[in-house]
Amino acid sequence: MRVLFDTLRILNEVFVMTVKKITWGDEDTDRFIDLPWKIYPGHFNWIPPIKMSMKLELSAQNLFFRHGEAQPFVYEKNGEVVGRVVASYDRLLSQVDGEIVGHFGYFECIDDDMVAMELLSAAECWLKEKGATSVHGPVNLNIYSGYRLQTEGFDTPAFTGEPRAPDYYKGLLLATGYCEEANWYSWQFGTEATSVMNQHAKKGVLKKKAEGDKYHLEVITKENFYAELPSIYGVGMEAFRENYGYSDIDYEEFKQIY
């Protein structure tokens, strides 16, 4: 881990800035969690995370830590947190194109290239010590907890499960030397389009049944969600196996996440 400390003298004022490695659960934990509430409200569309959930996500109770490690960092300017990041390494993650991949995630930052650069540099140094040869992100520990960076559609309403970010984050990451690894598109459908898609799905299932295939349609509701979770796990993991960032988590960890 590399600790960076700079003192800049501008207009007769001294600004003390430093990257700080924190221990989860110490006095800096709430400051780490609270940072987005300083950046987003009134400026960017977002769905605020549940603070207690985030506190648990990065605690030893998270089953991710049976096979992974993580180190949170904050960036302080005159004693105020203005940036944060978590470096993480997952032993379940397969190599990507021959590279041993580590992740940075939970990235939040003011619009300042230097803050982003020093935060990510600290994360990269920690990951290098763990044996990582390449760093990808944003990934919050693994893809099941949240990943990707929003790069378009900033004027659209936020909806659960999709990444939201200030419009300057892409520029910050490009300025620190990162390049695009993969791109995704999110689509927002109204109720009419969703109804049409459901009808097509039902027709497809009925066609398969008529051909002798043993298909049937299950409707998942809030009431039966947990009863259906084992089936969701089996189908979901198999369908996602070839996707970016796939790691073979067990059912107990899947259940804890969802």
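Parameters at a glance
Residues numbered from 1 in each chain as written. Predicted model: local features only at pLDDT ≥ 70, side-chain atom pairs only at ≥ 80, totals over all residues. Heavy atoms only, no water. Helix = DSSP H or I, 4+ residues; strand = E, 2+ residues; numbered from the N terminus. Buried < 20%, exposed > 50% of the residue type's maximum accessible area, 1.4 Å probe, protein only. Contact = heavy atoms within 4.5 Å. Areas by Shrake-Rupley, 256 points an atom, 1.4 Å probe, with all protein chains shown as cover. Lys, Arg positive; Asp, Glu negative; His and termini not counted. Charge placed at Lys NZ, Arg CZ, Asp CG, Glu CD. Disulfide = S-S within 2.5 Å. Phe/Tyr/Trp six-rings, centres within 6.5 Å; stacked < 30°, edge-to-face > 60°. Lys NZ or Arg CZ within 6 Å of the ring centre and 35° of its normal. Patch = residues over 30% accessible without salt bridge, like charges linked within 9 Å, V, L, I, M, F, W, Y side chains within 5 Å. Salt bridge = Lys/Arg side-chain N within 4 Å of Asp/Glu carboxyl O. Core = buried A, V, L, I, M, F, W, Y, C linked by side-chain atoms within 4.5 Å. pLDDT = per-residue confidence, 0-100. Pairing = 2+ DSSP bridges.

## Overview of the overall build of the protein chain
If you tally the helices and strands in the protein chain, you get eight helices and six strands. When the helices and strands of the protein chain are placed in sequence order, the string is β-β-α-α-α-β-β-β-α-β-α-α-α-α. Projected onto its principal axes, the C-alpha coordinates of the protein chain cover approximately 80 × 40 × 35 Å. Within the span of the protein chain, comprising 258 residues, buried residues form 36% of the whole. Look at the contacts in the protein chain between residues 6 or more apart in sequence, and 64% of them connect residues 24 or more apart. Summed over all atoms, the accessible surface of the protein chain reaches about 15,300 Å², with 53% contributed by carbon and sulfur. Positive and negative charge centroids in the protein chain, built from 26 and 39 side chains respectively, lie 4 Å apart.

## Side note on the state of the cysteines
Within the structure shown, the criterion is met by zero disulfides. Cys109 forms no disulfide, and the closest cysteine sulfur to it belongs to Cys125, at a distance of 17 Å. We note that Cys179 lacks a disulfide partner, and the nearest cysteine sulfur, in Cys125, lies 19 Å from it.

## A look at the packing of aromatic side chains
Summed over the entire model, instances satisfying the criterion amount to 17 aromatic pairs. A centroid spacing of 5.2 Å and a plane angle of 65 degrees characterise the contact between Phe104 and Tyr178, whose relative ring orientation is edge-to-face. Of this pair, Phe104 sits in strand 5 (residues 101-109) while Tyr178 sits in the loop between helix 5 (169-175) and helix 6 (191-210); the two residues are 74 residues apart in sequence, bridging distant segments of the chain. The exposure class of Phe104 is buried, given its relative accessible area of 1%. Residue Tyr178 is classed as buried on the basis of its relative accessible area of 16%. Taking NZ or CZ as reference, Lys51 lies 4.4 Å from the ring centre of Trp37, over its face. Seen from the ring of Tyr147, Arg148 lies directly overhead, with NZ or CZ sitting 4.9 Å from the centre.

## Details of a nonpolar patch on the surface
Together, Tyr185, Trp187, Phe189 and Met197 line one region of the surface with nonpolar side chains, adding up to about 560 Å² of accessible area. Here Trp187 lies in the loop between helix 5 and helix 6. Here Trp187 falls in the exposed class, since its relative accessible area comes to 64%.

## Examining the nonpolar core
The nonpolar side chains of soluble globular proteins are, as a tendency, buried together. Residues Phe32, Phe73, Val85, Phe107 and Tyr169 are the most contacted members of the largest nonpolar core, which totals 43 residues. Elements with a contribution of two residues or more to this core: strand 2 (13-21), helix 1 (29-34), strand 3 (68-77), strand 4 (80-90), strand 5, helix 4 (113-129) and helix 5. It is helix 4 that contributes the most residues to this core, eight residues altogether. When neighbours within four sequence positions are excluded, Tyr169 is seen to be in contact with Ile39, Tyr40, Phe107, Glu108, Cys109 and Leu149.

## With respect to the confidence of the model for the protein chain
Averaged over the protein chain, the pLDDT score is 88; the fraction of residues at 70 or greater is 94%. The least confident element of the protein chain is strand 1 (residues 5-10), whose mean pLDDT is 36; the most confident is strand 4, at 97. Taken as a whole, residues 1-12 scores under 50 in pLDDT and shows 30 contacts with residues more than four places along the chain or in a different chain.

## Some details on the pairing of strand 3
Of all 10 residues in strand 3, seven are buried; the element is thus mostly enclosed. Two strands pair when backbone bridges link them, and strand 3 and strand 4 are joined in this way by 10 bridges, in the antiparallel orientation. Within strand 4, the residue paired with Gln71 across the bridge is Ala87. Taking the residues that link successive antiparallel strands as the turn, the strand 3-strand 4 hairpin has two residues, and the phi of Asn78 there is positive, at about 50 degrees.

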